[in-house]
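Chain by chain, the residues:
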Amino acid sequence: MFLVGVTGGIATGKSSVASVFREFGIPVIDADQIARKVVEPRKPAWHKIHKEFGPEVFLDTQELDRAKLGDIIFNDVEKRKKLNAITHPDIYKEIYWQTFKYFLQGHQFIVMDLPLLFETGHMLNYLHKIIVVICEEDLQLQRLMERTGFTEAKAKLRIAAQMSLERKAEMANFVIENSSSERDTREQTIRVINVLRASKYHWKLRFIVGFCCTVLLAGAYWLRNRSSRSLPNVT
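Residues numbered from 1 in each chain as written. Predicted model: local features only at pLDDT ≥ 70, side-chain atom pairs only at ≥ 80, totals over all residues. Heavy atoms only, no water.

Student: I'd love a proper account of the overall build of the protein chain, names of residues and values included.
Tutor: Scanning the protein chain for helices and strands turns up 11 helices and 5 strands. Looking at the 235 residues of the protein chain, the share that counts as buried comes to 38%. For the protein chain, the proportion of contacts with a sequence separation of at least 24, taken over those separated by at least 6, is 73%. (Helix = DSSP H or I, 4+ residues; strand = E, 2+ residues; numbered from the N terminus. Buried < 20%, exposed > 50% of the residue type's maximum accessible area, 1.4 Å probe, protein only. Contact = heavy atoms within 4.5 Å.)

Next comes the structure, spelled out in structure tokens:
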């Protein structure tokens, strides 16, 4: 099984691309969904955020006030780093666990929806292919404002906090342009899926894993036999 990363900028349409993969029966690990899960009330990251940022970033329901916390971290780089240091270990732990489960199920490849793939660099060495979803800058800004209700200034601040789409596109294996219609984006995504399904890379990985397992089992069998031969005979 090989790993495919999907990334891009905020409000460029990564979720739309990921939904097409799901439609074709390809598992998608959504980092944003996991990020919401790890900060649920009373979880370890929740307690750490409460200690670091105080009760003012929580709602009366004890859930995280994402809007208020977002205003804090996007205006202070150091606080953003502190939040990432709190949440990222739990996020990646869940990503690894889900990946392992899909590996056992025998999938050819899975997709990881990773909004901050290039910014963190954490998963880059594990990915076989990278897809970057882009769109026109004005359209990205418009979509973000419509989706969140942000002012133009706040929306531009959120976009500027991420690596530029141009730089991300330069490091991609596939670029999906999401400035046109939903049908056009879907067709681009299907073409990428067909290329990935034609890949034989997963067989190489399965051979390596199988070979390693065989070596380990052979080693264990040899050690067991050696230990049994070294035991003194009792008559």
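Student: Describe in detail the sheet that holds strand β4 (residues 129-134), supporting the description with residues and values.
Tutor: The strand order across the open sheet formed by 5 strands is β2-β3-β1-β4-β5, and the pairing between neighbours is parallel. At either margin of the open sheet sits one strand with a lone partner, and together these are β2 (28-30) and β5 (174-177). Averaged over all pairs of adjacent strands, the angle between their axes in this sheet comes to 20 degrees, without regard to strand direction. Of the strand pairs in this sheet, β4 and β5 are connected by 4 bridges, and their pairing is parallel. Following the sheet pairing, Val 132 is matched in β5 by Val 175. (Pairing = 2+ DSSP bridges. Axes fitted to C-alpha atoms, helices over the stretch in contact; angles between N-to-C directions.)

Student: Can you explain helix α10 (residues 182-198)? Please cite residues and give values.
Tutor: Under the 1.5 Å per step criterion, the end-to-end length of α10 is 25 Å for 17 residues, consistent within 8% with the ideal 24 Å. Looking only at α10, the buried set comprises Thr 185, Gln 188, Thr 189, Val 192, Ile 193 and Leu 196. On an axial view of α10, the arc spanned by its buried residues comes to 145 degrees, and they lie on one face. Residues of α10 that are exposed and point more than 90 degrees away from the buried face comprise Arg 183, Arg 191 and Ala 198. For α10, the secondary structure elements touched by its buried residues are β1 (2-8), α1 (14-23), β3 (109-113), β4 and β5. (Expected span 1.5 Å × (residues − 1). Arc of directions from axis to C-beta.)

Student: Can you lay out the packing of aromatic side chains for me, pointing to particular residues and giving the numbers?
Tutor: Per the counting criterion, the structure on display carries 5 aromatic pairs. Between the aromatic rings of Phe 2 and Tyr 201, the centroid separation amounts to 6.0 Å while the plane-to-plane angle is 70 degrees, which identifies the pairing as edge-to-face. Of this pair, Phe 2 sits in strand β1 while Tyr 201 sits in helix α11 (residues 201-230); the two residues are 199 residues apart in sequence, bridging distant segments of the chain. For Tyr 201, a relative accessible area of 29% corresponds to the partly exposed category. Counting every residue linked through ring pairs, the aromatic cluster contains Phe 2, Phe 109 and Tyr 201. (Phe/Tyr/Trp six-rings, centres within 6.5 Å; stacked < 30°, edge-to-face > 60°.)

Student: Talk me through unusual backbone geometry; I want residue IDs and the actual numbers.
Tutor: Positive phi outside glycine occurs at Arg 42, with the angle close to 75 degrees. Mapped onto the secondary structure, Arg 42 falls in the loop between α2 (31-38) and α3 (44-53). Phi is positive for Gln 62, close to 75 degrees, though the residue is something other than glycine.

Student: I'd like to hear about the pattern of salt bridges, residue by residue, with values.
Tutor: Tallied over the full model, the rule gives 10 salt bridges. The residue Asp 71 makes a salt bridge to Arg 158 at a minimum N-O spacing of 3.4 Å. Separated by 87 residues along the polypeptide, Asp 71 in helix α4 (residues 66-73) and Arg 158 in helix α8 (residues 152-160) bring together distant segments of the chain. Accessibility expressed as a relative area gives 31% for Asp 71, which makes it partly exposed. Relative accessible area serves as the criterion here: at 10%, Arg 158 is assigned to the buried category. Note that Lys 156 and Glu 152 form a salt bridge whose closest N and O atoms lie 2.9 Å from each other. With a gap of 4 residues between them, Lys 156 and Glu 152 both fall in helix α8, about one helical turn apart. Judged by its relative accessible area of 46%, Lys 156 is partly exposed. (Salt bridge = Lys/Arg side-chain N within 4 Å of Asp/Glu carboxyl O.)

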